[in-house]
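Spelled out from the first residue to the last, the chains are:
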Amino acid sequence: MAVTPGNSSSSGDHGGSTGNATSGSHGETPSTGGGVGHANPALAAMFAQRAIVTDRLMKSYAAALCGLIAIFVLFHWARWLSVRTERSLNTGKSSILGRPFVTVTRLIRNVLVRKVPGFKSAGHALLVLVYFAINLAIMLTNVDLSVMGNVAARFGWVLFGNLAFVIFLSLKNTPLAFLTAYSYERLNCLHQIAGYTMFVQLVLHASLYTSFFKSQGRLLSMFAEKEQIAAIVAGFAFLSAILSATFLRRWWYELFYVVHIGSWITAIVCVGLHQPEFAKGLVVTVFAVSLWGSDRILRASRVLYYSVNNEATLHPLPNGGTKIVMKKVPGRAEPGKHCFVWIPAIRKFETHPFTIHKSSPVEFTVKAHNGFTRDLHNYAVANPGAAVKASIDGPYGTFPDPMEFDKIVLIAGGGGATFTFGLAVNVLERMKDEVPKNIVFIWSVREHENLSWFKEQLETLKTHAHSPKVNVSLYVTRSPASPPHPHGHDARAARPTSIQSSEGEESPPLSPTAGVEKSAPQLPLPQRQQALTEIDLEKEMEQVVETRVEHPVSDKDGAAATTTISQASEHPIKAGRPDVGFLIRDAVTTTPSNQRVLVAACGPDGLMRVVRDTTAKLIRGDGPGVELHCEQFGW
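Calculation notes
Residues numbered from 1 in each chain as written. Predicted model: local features only at pLDDT ≥ 70, side-chain atom pairs only at ≥ 80, totals over all residues. Heavy atoms only, no water. Helix = DSSP H or I, 4+ residues; strand = E, 2+ residues; numbered from the N terminus. Buried < 20%, exposed > 50% of the residue type's maximum accessible area, 1.4 Å probe, protein only. Salt bridge = Lys/Arg side-chain N within 4 Å of Asp/Glu carboxyl O. UniProt positions renumbered as here; feature names shortened; annotations may be inferred. pLDDT = per-residue confidence, 0-100. Contact = heavy atoms within 4.5 Å. Axes fitted to C-alpha atoms, helices over the stretch in contact; angles between N-to-C directions. Left-handed = near helix turned anticlockwise from the far one by under 90°.

Structural notes on the environment of Cys189
Mapped onto the secondary structure, Cys189 falls in helix H7 (residues 184-215). Under the relative-accessibility criterion, Cys189 is labelled buried at 4%. Separated by 65 residues in sequence, Cys189 and His124 have C-alpha atoms that sit 8.6 Å apart.

Written out as structure tokens, the structure is:
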């Protein structure tokens with residue numbers, strides 16, 4: 001098995017005797033002397049020509065990937081220009097091409113933002129198809145398919161190029177967050193696709209070369225070389241990384257993280273040993289390691305900086321919730337963005353991402369599940385109001401500025417309200433009398449007790465000077481079996497089962513992250529309570545909100561709980577799940593065509609699919625400007 005091939009016999013490539021394959025070569029042809037160049041000039045010329053072709057194609061591959069990123073960037077700025085053009089149209093200052101440009105861009109977005117099975121949207125699906133097309137073109141262009149060694153070599157070089165691309169897409173501090181509207185969590189699906197693609201190329205590269213050497217009777221001698229041993233170890237390390245990402249992360253996130261990162265470190269070291277010549281392949285390895293290392297150093301520096309005289313105050317909330325209040329406020333922190341929180345009293349070598357719903361001071365609300373968030377909640381229950389040493393890394397995340405819109409429609413379920421409450425309160429605090437904004441706030445929770453998690457925010461939406469411009473709709477999908485606990489949390493909150501994470505999990509501040517945001521598998525509720533582990537809820541929300549659960553509840557208990565929470569929030573509460581599609585259509589269709597509407601949602605796949613498809617159909621050339629933002633990790 002080999003991760004990358006060599007190119008020319010003159011630089012230790014596939015020609016020469018096995019004894020000369022000490023620079024990552026595979027010794028594709030047998031020889032009687034010191035190398036193919038001496039034994040067979042024709043073969044030497046062939047390998048030299050193959051090296052030239054491979055070098056040219058790999059430069060083309062790098063250019064194609066850069067072009068793909070450039071298209072990504074240009075699309076973002078085209079949308080920015082479209083927004084500016086819309087405003088000019090509304091003021092009568094636009095050129096004759098303004099209206100056609102806006103209409104065309106809206107029609108394109110109408111298609112691209114729709115949900116596609118297996119992808120976040122049709123736009124993501126199109127991007128992945130283009131990426132696959134580029135890979136196929138590079139792998140199959142100007143290669144002699146009749147010679148197995150040539151095909152194997154080409155697969156090896158393309159996977160080497162993808163190695164750097166995979167690392168680039170895993171960076172938390174990605175430059176794309178500044179160039180486009182996409183921060184790292186929204187690029188994670190592309191990181192996963194690139195990783196799977198690279199692994200398929202690795203399998204093809206290794207299996208073809210293994211078959212080639214076996215046909216020559218040289219398999220054992222090749223596998224005895226230290227470069228090829230390193231390649232074998234790298235291959236199995238990549239296999240471990242892929243298996244952990246595909247299966248382990250669904251059931252035990254923290255173990256997945258250790259295995260995934262450990263496998264990555266092992267693989268990259270072995271890749272360097274497999275291709276030790278800097279000009280041939282080590283330069284790519286060094287580049288990938290430099291990207292990852294600089295990202296980790298930057299993140300660790302933030303954690304160290306914000307750890308000085310910093311602490312977090314922990315407050316238990318009903319039904320497995322925990323509020324975290326930070327002493328220090330990181331720069332650029334604003335509601336709706338998220339940070340990685342480090343609390344050594346709970347986990348000494350882990351950071352975990354949670355969404356900010358209040359920026360002064362910074363507050364997070366965490367829905368517990370197994371692992372870190374469970375231990376965090378149990379600690380808060382045992383020590384309510386305790387102040388513990390803490391630090392923070394961030395903030396991260398990008399989303400449209402709500403102040404640029406006339407109407408803001410916010411939709412959330414369960415813990416997803418951390419994001420929407422943050423935006424709503426942020427808008428109210430920044431709103432001026434002369435610039436009216438209308439807010440439609442929709443929140444669905446599983447139980448009445450969950451409403452008390454954001455009691456202060458609900459009170460703000462009710463009593464703020466601009467509260468008449470806020471339309472709040474609260475929905476409870478399940479009636480409580482008993483009244484709320486008099487102390488603010490019930491007995492179930494302290495149990496280590498039936499709890500879920502407000503955000504995903506991360507690992508040590510000094511370890512890399514390689515795409516940790518992924519949804520939990522859909523299981524019946526009893527299995528979910530046992531099988532689900534640390535998951536990114538905040539952007540994935542409570543999946544259980546989508547599950548109907550029947551309980552024999554007395555009207556008296558239900559009425560008591562409803563009265564208690566209603567008095568606390570002073571907002572009407574409706575039973576059942578909201579008709580999200582109808583609510584979005586009503587909000588958009590009642591908006592004048594010269595205004596703009598932001599639809600922002602945070603929830604599970606089912607909710608996001610309805611939000612995407614409904615909003616996409618409302619993006620029309622003759623209607624109001626509509627912008628969609630789905631705050632959801634994973635797919």
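With respect to the pattern of salt bridges
Counted under the stated rule, the structure contains 14 salt bridges. Across the salt bridge formed by Glu254 and Arg347, the nearest N and O atoms sit 3.4 Å from each other. Of this pair, Glu254 sits in helix H10 (residues 253-274) while Arg347 is found in the loop between strand S3 (338-342) and strand S4 (352-359), placing the two residues 93 residues apart along the sequence. Note on Glu254: relative accessible area 14%, which makes it buried. Where Asp375 meets Arg347, a salt bridge forms, and the shortest distance between an N and an O atom there is 2.7 Å. Here Asp375, found in helix H12 (residues 372-382), pairs with Arg347, found in the loop between S3 and S4; they are 28 residues apart in sequence, far enough to count as distant. By relative accessible area, Arg347 is classed as buried at 16%.

Examining the UniProt feature "transmembrane region" (unreviewed entry) in the protein chain
Taking the UniProt record as the reference, the feature "transmembrane region" (unreviewed entry) is found at residues 60-78, 122-140, 152-171, 191-209, 229-249 and 255-274. Taken as a whole, residues 60-78 contains 100% helix and 0% strand, while its terminal C-alpha atoms sit 26 Å from one another. For residues 229-249, the helix share is 100%, the strand share is 0%, and the end-to-end C-alpha distance is 29 Å.

Observations concerning the confidence of the model for the protein chain
Per-residue confidence for the protein chain averages 76 on the pLDDT scale, and 76% of its residues sit at or above 70. Segment residues 1-25: pLDDT under 50, and 121 contacts once partners within four positions in sequence are set aside and those in other chains are kept.

What to know about the packing of helix H5 (residues 148-170) against H10
Packing of H5 against H10 leaves a shortest axis separation of 13 Å and a crossing angle of 145 degrees. At the point where H5 passes H10, the crossing takes the left-handed sense. Between H5 and H10, the residues in contact are Phe160, Leu163 and Ile167 and Trp264, Ile268 and Val271, respectively.

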